[in-house]
Amino acid sequence: DILKIDVCRNLVELIGEYVAQCIGLRGTKAKVESSFGGDLLHAAYIPHVDIWRGDKRFSKLVQDCAIGGTTQIAPTLRSLPDAIASFS
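A. Geometry of the environment of Ile 46. Looking at the element boundaries, Ile 46 is found in the loop between helix H2 (36–43) and strand E1 (51–53). Looking at Ile 46, the relative accessible area reads 0%, which means it is buried. Linking Ile 46 and Ile 67, residues 21 residues apart in sequence, is a C-alpha distance of 7.6 Å.

Here it is in structure tokens:
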């Protein structure tokens with residue numbers, strides 16, 4: 001079953017929740033951002049890194065879906081140094 005693969009399961013979850021945001025099922029209806037494809041591809045790394053940095057909206061989506069597991073999510077560039085310091 002393909003959903004037993006962490007990356008596949010995570011991407012399916014993220015796509016579903018993103019679509020739910022875009023059509024207004026979750027929170028305020030949001031627009032589809034042109035960066036979505038890149039954000040999604042970038043999210044494929046989450047199971048394989050200790051700290052993951054994304055933009056605010058996509059980082060929140062990752063956190064809301066509990067995709068990170070033990071990965072620390074840094075939603076802003078400003079939060080990245082603290083994430084690195086706490087990891088060391």
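B. Quick look at the pattern of salt bridges. Inspection of the entire model under this criterion finds four salt bridges. For Asp 6, the salt bridge goes to Arg 9, with nearest N and O atoms at 2.4 Å. On the criterion of helical spacing, the pair formed by Asp 6 and Arg 9 is a turn pair, its members being three residues apart in helix H1 (residues 6–22). Residue Asp 64 is joined to Lys 60 by a salt bridge in which the shortest nitrogen-to-oxygen separation is 3.0 Å. Separated by four residues within a single helix, Asp 64 and Lys 60 lie in helix H3 (residues 56–64), roughly one turn from each other.

Criteria and cut-off values
Residues numbered from 1 in each chain as written. Predicted model: local features only at pLDDT ≥ 70, side-chain atom pairs only at ≥ 80, totals over all residues. Heavy atoms only, no water. Helix = DSSP H or I, 4+ residues; strand = E, 2+ residues; numbered from the N terminus. Buried < 20%, exposed > 50% of the residue type's maximum accessible area, 1.4 Å probe, protein only. Salt bridge = Lys/Arg side-chain N within 4 Å of Asp/Glu carboxyl O.

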